[in-house]
Amino acid sequence: MLVENFIPGTADRLNLGFNSIIKVNPKIVYCSISGYGDVGPKAHYPAFDQIIQGEAGFMHLTGGKDTEPYKMGFAISDLVTGLNAATAILGGLYFVKNNNKGIHVKTSLLESAVASLINQASNHLNGGKNPTRIGNNHPNIVPYGVFKCADYYISMGGGTDKKFLLLCEVLGI
């Protein structure tokens, strides 16, 4: 297995691209991770998590209703892309085992970030609901969020009627 994270075309120029490596190891699982994929107007741009969070729409959704956009407190697009790469590599290993030949799997930060917007994207595509910043709330589940109590905050989510009733029981209401 080989994982590379160059701007598309760089590995080929260094004779480390898939077509070079498969000659050395015909059963290679070769994984390319890029910022924007290997085609399109930004394919040859470097990518940084903060920029991807903005371009993918995370920052449009993160923060309070009346606040400026926030990035998440960690490199979410980097992490999700790593998970997608790991999943693709596992699929690639299965492919190699069953086909006795190598494979080139690819993922990108932007593709991974956009794919992870599932709730908001589904609400927009299926219901025409334009996503907005909703703080700690959930776009589809109520109650769901962080609530201030007398001396601390609690985080809760009552996603079904049964769970909501259990929540009320625990809270003594």
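Structure's up top.
Residues numbered from 1 in each chain as written. Predicted model: local features only at pLDDT ≥ 70, side-chain atom pairs only at ≥ 80, totals over all residues. Heavy atoms only, no water.

Brief notes about the packing of aromatic side chains
Across all of its chains, the model carries one aromatic pair by this definition. For the ring pair F18 and Y30, a centre distance of 5.8 Å and an interplane angle of 75° mean the geometry is edge-to-face. A residue pair is termed long-range when its members are at least 10 positions apart, and F18 in helix α2 (residues 18-24) and Y30 in strand β2 (residues 29-34) qualify at twelve residues. The same class applies to F18 as to Y30, namely buried. (Phe/Tyr/Trp six-rings, centres within 6.5 Å; stacked < 30°, edge-to-face > 60°. Helix = DSSP H or I, 4+ residues; strand = E, 2+ residues; numbered from the N terminus. Buried < 20%, exposed > 50% of the residue type's maximum accessible area, 1.4 Å probe, protein only.)

Remarks on the state of the cysteines
In the structure shown here, the tally under the stated rule is zero disulfides. In this model C149 remains outside any disulfide bridge; the closest cysteine sulfur is found in C168, 13 Å from its own. Residue class for C149 comes out partly exposed when judged on its relative accessible area of 26%. (Disulfide = S-S within 2.5 Å.)

Points about the sheet that holds β2
Taking strand neighbours across the sheet as the criterion, the three strands line up as β1-β2-β3 in an open arrangement whose pairing is parallel. The strands lining the two open edges of the sheet, one partner per strand, are β1 (2-4) and β3 (103-108). The average angle at which neighbouring strand axes cross in this sheet is 15°, direction not considered. Here β2 runs beside β3; their pairing, made up of six bridges, is parallel. Across the sheet, S32 pairs through a bridge with K106, a residue of β3. (Pairing = 2+ DSSP bridges. Axes fitted to C-alpha atoms, helices over the stretch in contact; angles between N-to-C directions.)

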